[in-house]
Amino acid sequence: MNPILLSVAALAIGTAPALAGKAFVSNERGNTITVVNTDTWEVETEFFAGNRPRGITVSPDEKVIYVCASDDNLIRVFDATTYEELPSLPSGPDPELFILEPSGKRLYIANEDDNLVTVTDTETRTVLAEVPVGVEPEGMGMSPDAKWVVNTSETTNMAHFISTEDYKIKHNVLVDQRPRYAHYTSDGTRLFVTSEIGGTVSVMDIDDDGAPTMVGKITFEVAGLQPEWLQPVGARVTKDGSRLFVALGPANRVAVVDARSLEVLDYILVGQRVWQLDFTPDEKYLLTTNGNSNDITVIDVKKERAIRSVQVGQQPWGVVTID
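Residues numbered from 1 in each chain as written. Predicted model: local features only at pLDDT ≥ 70, side-chain atom pairs only at ≥ 80, totals over all residues. Heavy atoms only, no water.

Colleague: Can you help me understand the side chain of Asn290 in this one?
Modeller: Turning to its location among the elements, Asn290 is positioned in strand S25 (residues 285–290). A polar contact is formed between the side chain of Asn290 and the side chain of Asp295, at a distance of 2.9 Å. In this structure Asn290 touches Val270, Gly271, Gln272, Arg273, Val274, Asp295, Ile296, Thr297 and Pro316, once residues within four positions along its chain are discounted. (Helix = DSSP H or I, 4+ residues; strand = E, 2+ residues; numbered from the N terminus. Polar contact = N/O pair within 3.5 Å; in protein donor to acceptor, adjacent residues only side chain to side chain. Contact = heavy atoms within 4.5 Å.)

Printed below as a string of structure tokens:
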């Protein structure tokens, strides 16, 4: 090959732009997904996602986006690169949140209207099971070994521990009023359950057989704010288990908690009615969805402070990020 052409080719390869990370934000009122470039924090596009999109997640290979289209009573599916809509998945009525097992094969869906957790096979697009749970199921968490799914029922005020082996509830734990979200630490030894109206986060230690034991509750207090404004909803734990971040709804703040001692360390001011959270894959940033200010807040995880906001669609609800 001509040396000059070889040099040009090498230069072209060396300067090829890296693929940017993305955040996908479900806009509950706008019926859209906003795509944000997580390198530049610019909005790339927005596309129709069905009626009342809420829960959102991504396949393990980051090729497919799943969305709870609550008013369509199904799970809408999109190509994560082209945003083309793919064949949908059955979900039962009013899907709100879900959890995808690490293999990407089974999706566990909370159906708020009929008090069921629906288990759907993402490959055959069929329902494998329907698990009766408490009234108004919402939150969905999964143990790292994928042996347990935890559903929270808003009206029954319980966390239900479902075995993924036989789809049976093995443990029920009473928590505070209106539980919203369940999240395990990465080693599976601790579970956090947020309670919106109760204003607490219930903390459970998990034994080797997956059984929970309540060990404490985290409470919140912000000077100048009424206690009823402090409504824990979304939550995320760092991979090393050192920090728990809790969205506090109308308080417009994210609480920073020492996940081991359970001490509240700080409160980060974000947008209005902060709801759900997600880390970028490198855990450098934490993104919050702020339903009343129609934006997301970007939090620097190491510095534990907000660094910018990005306007998205109408009433952002859920967020998921990919590399």
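Now that the structure has been shown, we can carry on.
Colleague: Where do I start with the sheet that holds strand S10 (residues 116–121) in this structure?
Modeller: Adjacent strands of a sheet form backbone hydrogen bonds with each other and so pair up, either parallel or antiparallel. Overall, antiparallel pairing links the four strands, which are arranged S8-S9-S10-S11 in an open sheet. The two strands at the open ends of the sheet, each matched to only one other strand, are strand S8 (95–100) and strand S11 (126–132). Averaged over all adjacent pairs, the angle separating strand axes in this sheet is 25°, with direction ignored. Direction of pairing for S10 relative to S11: antiparallel, over a ladder of six bridges. Along S11, the bridge assignment pairs Leu116 with Pro132. (Pairing = 2+ DSSP bridges. Axes fitted to C-alpha atoms, helices over the stretch in contact; angles between N-to-C directions.)

Colleague: Even after reading the chapter, I still don't get the environment of Thr238, so can you show me in this structure?
Modeller: Within the secondary structure, Thr238 sits in the loop between strand S20 (235–237) and strand S21 (243–247). Residue classification places Thr238 among the buried positions, given a relative accessible area of 5%. Each C-alpha atom of the pair Thr238 and Glu138 lies 23 Å from the other, and the pair is 100 residues apart in sequence. Non-local contacts of Thr238, meaning those with residues more than four positions away in its chain, are made with Arg243, Phe245, Phe279, Glu283 and Val301. (Buried < 20%, exposed > 50% of the residue type's maximum accessible area, 1.4 Å probe, protein only.)

Colleague: Explain a positive patch on the surface to me, please; I cannot follow it from the model alone.
Modeller: Taken together, the side chains of Lys284, Lys302, Lys303 and Arg305 define a basic patch exposed on the protein surface. Take Lys303: it is sitting in the loop between strand S26 (295–300) and strand S27 (305–311). Overall, the relative accessible area of 53% leaves Lys303 in the exposed class. (Patch = residues over 30% accessible without salt bridge, like charges linked within 9 Å, V, L, I, M, F, W, Y side chains within 5 Å. Areas by Shrake-Rupley, 256 points an atom, 1.4 Å probe, with all protein chains shown as cover. Salt bridge = Lys/Arg side-chain N within 4 Å of Asp/Glu carboxyl O. Lys, Arg positive; Asp, Glu negative; His and termini not counted. Charge placed at Lys NZ, Arg CZ, Asp CG, Glu CD.)

Colleague: What's the story with the nonpolar core in this structure? I'm lost.
Modeller: Soluble globular proteins tend to pack their nonpolar side chains together in the buried interior. Phe192, Ile218, Phe220, Leu244, Phe245 and Val254 are the most contacted members of the largest nonpolar core, which totals 46 residues. If sequence neighbours within four positions are ignored, Leu244 has contacts with Phe192, Val201, Ile218, Ala235, Arg236, Val237, Ala255, Val256, Val257 and Ala259. Among the nonpolar cores identified, the runner-up in size contains 14 residues, and Ile56, Val67, Ala80 and Tyr83 belong to it. (Core = buried A, V, L, I, M, F, W, Y, C linked by side-chain atoms within 4.5 Å.)

Colleague: Which parts of the structure should I look at to understand the pattern of salt bridges?
Modeller: For side chains of opposite charge, pairing can occur when their charged atoms come near one another. On inspection of all chains with the given rule, the structure shows 20 salt bridges. The shortest N-O distance in the salt bridge between Glu112 and Arg54 comes to 3.6 Å. One end of the pair, Glu112, is in the loop between strand S9 (106–111) and S10; the other, Arg54, is in strand S4 (residues 53–58), with 58 residues separating them in the sequence. Note on Glu112: relative accessible area 12%, which makes it buried. Taking relative accessible area as the criterion, Arg54 reaches 2% and is therefore assigned buried. For Lys217, the salt bridge is made with Asp176, and the minimal N-O distance between the two is 2.9 Å.

Colleague: It is not clear to me how the pairing of strand S17 (residues 190–195) should be interpreted in this structure. Could you clarify?
Modeller: For a regular strand, the rule is simple: side chains alternate between the two faces of the sheet. Across the six residues that make up S17, a large majority, six, are buried. Of the two faces of S17, the one holding Arg190, Phe192 and Thr194 and the one holding Leu191, Val193 and Ser195 are both buried throughout. Bridge count for strand S16 (residues 179–184) against S17 is five bridges, and the pairing is antiparallel. In the sheet register, Pro179 faces S17, and the bridge partner there is Ser195. Taking the residues between adjacent antiparallel strands as the criterion, S16 and S17 are bridged by five residues, where Gly188 takes a positive phi near 75°. The hairpin turn running from S17 into strand S18 (residues 200–206), its antiparallel successor, is four residues long, and Gly199 in that turn takes a positive phi close to 75°.

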